[in-house]
Amino acid sequence: MTTNFYAPPSAIRGQRVVLPEEEARHLRTVLRGEQGDEMTVVDGDGGWYRVEITHVGSDQVVGTIVERRQDVGEPATDVTVALGILKKRSRFETFVEKAVELGARRIVPLRTARTERESIRTERLRNVMVAALKQCRRSWLPELATPQSPEALLSSSDAEMRLVCHAGDAAVPIQRAVDEARPVASALVLVGPEGGFSAAEVEAAAEAGCVPASLGARRLRAETAGLAALHSVTAPGPKDSSE
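From a predicted model like this one, the values you see are computed outputs, not experimental measurements.

Visitor: Is there a simple way to think about helix α3 (residues 122-136) in this case?
Guide: Helical periodicity: at 3.6 residues per turn, an α-helix aligns residues three or four positions apart in one direction. The end-to-end C-alpha distance of α3, which contains 15 residues, comes to 21 Å, matching closely the 21 Å that a straight helix rising 1.5 Å per residue would cover. Three or more residues of α3 are buried, namely Leu125, Val128, Met129, Val130, Ala132, Leu133 and Lys134. Residues of α3 that are buried sit in contact with β1 (4-6), α1 (21-30), β4 (38-42), α2 (89-102), β8 (106-110) and β9 (143-144). Two residues or fewer after α3 comes Arg137, characterised by a positive phi angle close to 65°.

Below you can see the structure in the form of structure tokens.
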């Protein structure tokens, strides 16, 4: 089967995998999976498994692991991407979905001076993330942090590379900032909501070690800016591409 299935670590014991109810229903009723078929399962904690189906019942699908791998589909850099909470929930959901596909390890909704919404729909976003995890065939389900201020995030982060997206005169092109900082094991990327960060927020981020980074001459929607910045960090650099 070309479809990946998700089963949390608690559903995997030794060589045995029991699919969650929704995943089992999809395999049984949509894909018509049968005993003896093989499927790929990811646990969201870096585990990737090739599994032979041993039982397809009305209430359960069970399989035996025949191959294990770790960190399949993951970028070299552990990236936290933080975006100001957007006024339209659908746009923030799109951002979260694509951030999973692009390899973010942690997604942080930010409350900033210019955010017009304070909350997120956590369960809805988690479902979006699980679907994206399976679609893009990676093995880590990113952490979805609770909404917080940029100051709180910066004070708790130990990322080696820190970027704050900003279109001011002091900003450097983001690809230059990334290339000059590489290689790094971890990175933090901050992107404002509609209207961007305030001058005070950019200044505070710079004082906390963030490099102000520009995404170019065009004016991007906030969710687009977040994804463009994330891709700049997760995409292989010139040295990685040549190896």
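This is not the end of the story, as more comes after the structure.
Visitor: Even after reading the chapter, I still don't get the sheet that holds strand β6 (residues 61-70), so can you show me in this structure?
Guide: Adjacent strands of a sheet form backbone hydrogen bonds with each other and so pair up, either parallel or antiparallel. Pairing within the open sheet is mixed, and its 6 strands lie in the order β1-β4-β5-β6-β3-β2. Of all the strands in the sheet, just β1 and β2 (12-13) have a single pairing partner and so form its edges. Pairing of β1 with β4, which is carried by 3 bridges, proceeds in the parallel orientation. Paired with Asn4 across the bridge in β4 is Thr40. Packing against the sheet, α1 makes contact with β1, β4, β5 (47-56) and β6, and its axis sits at approximately 150° to β1. Lying over the sheet, α3 contacts β1 and β4, oriented at roughly 145° with respect to β1.

Visitor: Help me understand the packing of aromatic side chains, please; the structure alone is not making it clear to me.
Guide: Any two aromatic rings considered together are summarised by their centre-to-centre distance and by the angle between their planes. Tallying each qualifying case throughout the model produces 1 aromatic pair. Residues Phe92 and Phe95 carry aromatic rings whose centres are separated by 5.9 Å and whose planes lie at 50° to one another, so their mutual orientation is tilted. One end of the pair is Phe92 and the other is Phe95, both in helix α2 and 3 residues apart, which spans about a single turn. Of the two residues examined, Phe92 and Phe95, each falls in the buried class. Taking the ring centre of Trp48 as reference, the NZ or CZ of Arg69 above it sits at 4.3 Å. Over the aromatic face of Trp140 sits the side chain of Arg105, whose NZ or CZ is 4.4 Å from the ring centroid.

Visitor: Even after reading the chapter, I still don't get the sheet that holds β9, so can you show me in this structure?
Guide: Across the sheet, which stays open at both edges, the 7 strands sit in the order β9-β8-β7-β12-β10-β13-β11 with parallel pairing between neighbours. Here the strands that pair on one side only, and so sit at the sheet edges, are β9 and β11 (172-173). Sheet topology note: the strand β10 (residues 161-165)/strand β12 (residues 186-191) ladder contains 4 bridges and is parallel. Bridge pairing links Leu163 to Val189 in β12.

Visitor: In this structure, what is going on with the pairing of strand β7 (residues 78-84)? I would like to understand it.
Guide: Burial within β7 is extensive, with 6 of its 7 residues counted as buried. Across 6 bridges, the pairing between β7 and β12 is parallel. Directly across from Thr80, in β12, lies its bridge partner Leu188. For β7 and β8, the ladder comprises 5 bridges, and the chain directions are parallel. Across the sheet, Leu83 pairs through a bridge with Pro109, a residue of β8. You can see the chain leave β7, run along α2 and come back into β8, and the turn it takes is right-handed.

Visitor: It is not clear to me how unusual backbone geometry should be interpreted in this structure. Could you clarify?
Guide: Leaving glycine aside, a negative phi is the common case for residues, and trans is the common case for peptide bonds. For the bond from Arg182 to Pro183, the omega torsion is 0°, close enough to zero to count as cis. With respect to the element layout, Pro183 can be found in the loop between α5 (174-181) and β12. We note that Arg32 has phi near 55°; this positive angle belongs to a residue other than glycine. You can see Arg32 is positioned in the loop between α1 and β4. On the accessibility criterion, Arg32 (60% relative accessible area) is exposed. Here Asp71, not a glycine, exhibits a phi torsion of approximately 60°, which is positive. Here Asp71 lies in the loop between β6 and β7.

Visitor: Help me understand the side chain of Ser139 in this model?
Guide: With respect to the element layout, Ser139 can be found in the loop between α3 and β9. Among residues more than four places away in sequence, those in contact with Ser139 are Val42, Asp43, Gly44, Asp45, Gly46, Gly47, Asp71, Val72, Glu74 and Leu133.

The rules we used
- Residues numbered from 1 in each chain as written.
- Predicted model: local features only at pLDDT ≥ 70, side-chain atom pairs only at ≥ 80, totals over all residues.
- Heavy atoms only, no water.
- Helix = DSSP H or I, 4+ residues; strand = E, 2+ residues; numbered from the N terminus.
- Expected span 1.5 Å × (residues − 1).
- Buried < 20%, exposed > 50% of the residue type's maximum accessible area, 1.4 Å probe, protein only.
- Contact = heavy atoms within 4.5 Å.
- Pairing = 2+ DSSP bridges.
- Axes fitted to C-alpha atoms, helices over the stretch in contact; angles between N-to-C directions.
- Phe/Tyr/Trp six-rings, centres within 6.5 Å; stacked < 30°, edge-to-face > 60°.
- Lys NZ or Arg CZ within 6 Å of the ring centre and 35° of its normal.
- Right-handed = clockwise from strand over helix to strand, strands pointing away.

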